[in-house]
Amino acid sequence: MIDCRRHHEVTQFVMGRVVDGRPVYTMACYYVDGLLIDTGPVHVAGEIPAAFAEFPVHTIVNTHHHEDHIGNNAVFQEKLGVGPALAHEKAVPRIVDPRIWTGRLQPYQHFVWGAPPPSAARPIGEEVRTESYTFRVLHTPGHSDDHICLLEPERGWLFAGDLFISERAEVLRSDEDALLILDSLRRLLEYDFEVLFCASGLVARNARGAVAAKIAYWEDLKERAQALYRTGLDPEEIRERLLGPETALYGLTGGDFAKVHLVRSLLRI
Ligand SMILES: [Fe+2]
């Protein structure tokens, strides 16, 4: 499924595999002025040419190397003549030859998004220009070490990839670093922006307020977790006290998305 939604000059493409008539775990790519930010999961590759028939892509930027963000680079390059994707220098080898990391993909990731095929990529510079806009590239590690955000200061747009997700995120992937995410979020607040476009599909209008609220929520959680840890509780007990039982995502992802990962990461243990 590829669903197209307009947000003034920015067009959001929500993508996801359909199972039993319902999309599962969708993600969002963003198109503006010939620039496509992320390309979605390979499971929707067959739908790409028709979905983008009226949206000519000149440049692809991948916010990071994850399979749901680079999966259709190859379709755009092979069928629609788009050049190498631009990405952080650490992401480039992972995009060019995903086999160096896709062996670690879990069954749920294969089922929901699929392993991405190889595609061309090259390191992104400090900014990306389109005909009408200039996007500043911000390195924002934490969700992954190769994660970038794009900021268009004149319009107040922040394309945040998987850095933000939600104000009150209570689960973390096993490979994410919550303290690094906090550092990256704090650095975002050094810039002015009004609208945050998240790869989860969320478009936050009070963007700086939303980022500040997430920082405050996780900082408070960290302090309470540290206090409980000092009393001798282990991470599972702290998770139970502060966040309650794991969500359905825990079982669906084989434990990859878990509240206890957030507790451990905030405690850095
Ligand atoms: Fe991701």
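Calculation rules
- Every chain begins its residue count from 1, and numbering advances along the sequence as written.
- Owing to the predicted nature of the model, reporting of local features is limited to residues with pLDDT of at least 70; listing and counting of side-chain atom pairs is limited to 80 or more, with chain, interface and lining totals taken over all residues.
- Heavy atoms throughout the structure, all of them, feed into the side-chain values; hydrogens and water do not.
- Axes, fitted as lines to C-alpha atoms, cover a helix only where it is in contact. Angles between the N-to-C directions of the axes lie from 0 to 180 degrees.
- Helix and strand definitions follow DSSP, with helices as H or I runs of at least four residues and strands as E runs of at least two, each counted in order from the N terminus.
- Less than a right angle of anticlockwise turn of the near helix away from the far helix marks a crossing as left-handed, whereas a clockwise turn marks it as right-handed.
- Only heavy atoms enter the contact rule, under which two residues are in contact if any of them lie within 4.5 Å.
- Three classes are used, and their members are as follows: Ala, Val, Leu, Ile, Met, Phe, Trp, Tyr, Cys and Pro are nonpolar, Asp, Glu, Lys and Arg are charged, and the others, Gly among them, are polar.
- A pair of Phe, Tyr and Trp rings is counted when the ring centres sit within 6.5 Å of each other, with Trp represented by its six-membered ring. The angle between the planes then sorts it: under 30 degrees is stacked, over 60 is edge-to-face, the rest tilted.
- Whether a residue is buried, partly exposed or exposed follows from its accessible area with a 1.4 Å probe, protein chains only, as a fraction of its type maximum: under 20%, in between, or over 50%, in that order.
- By definition, being over a ring means that NZ of Lys or CZ of Arg is both within 6 Å of the ring centre and within 35 degrees of the ring normal.

Thoughts on the packing of helix H6 (residues 178-188) against helix H7 (residues 207-230)
For the pair H6 and H7, the least separation of the axes is 10 Å and the interaxial angle reads 145°. Considering how the two elements wind past one another, H6 and H7 form a crossing that is left-handed. Contacts from Ala-178, Leu-179, Ile-181, Leu-182, Leu-185, Arg-186 and Leu-188 in H6 reach Arg-208, Val-211, Lys-214, Ile-215, Trp-218, Glu-219 and Lys-222 in H7. Partitioning the contact of H6 with H7 into residue classes produces 9 nonpolar, no polar and 5 charged.

Examining the packing of aromatic side chains
Considering all chains together, one arrives at 15 aromatic pairs under this definition. Summarising the aromatic geometry, the rings of Tyr-25 and Trp-113 are spaced 5.3 Å apart at their centres and angled 75° between planes, so their arrangement reads as edge-to-face. Residue Tyr-25 is found in strand S3 (residues 22-32), and its partner Trp-113 is found in the loop between helix H5 (107-112) and strand S7 (121-123); the two are separated by 88 residues along the sequence. Between Phe-159 and Phe-197, the ring centres sit 4.8 Å apart and the planes meet at 15°, which makes this aromatic pair stacked. Here Phe-159, found in strand S11 (residues 157-161), pairs with Phe-197, found in strand S13 (residues 195-198); they are 38 residues apart in sequence, far enough to count as distant. By the burial criterion, Phe-159 is buried, and Phe-197 matches it. An aromatic cluster is built from Tyr-30, Tyr-133, Phe-135, Trp-157, Phe-159 and Phe-197, whose rings are joined through pairwise contacts. The lysine or arginine in question, Arg-17, covers the ring of Phe-111, its NZ or CZ lying 5.1 Å from the ring centre.

Keep in mind these numbers describe shape, not what the thing actually does.
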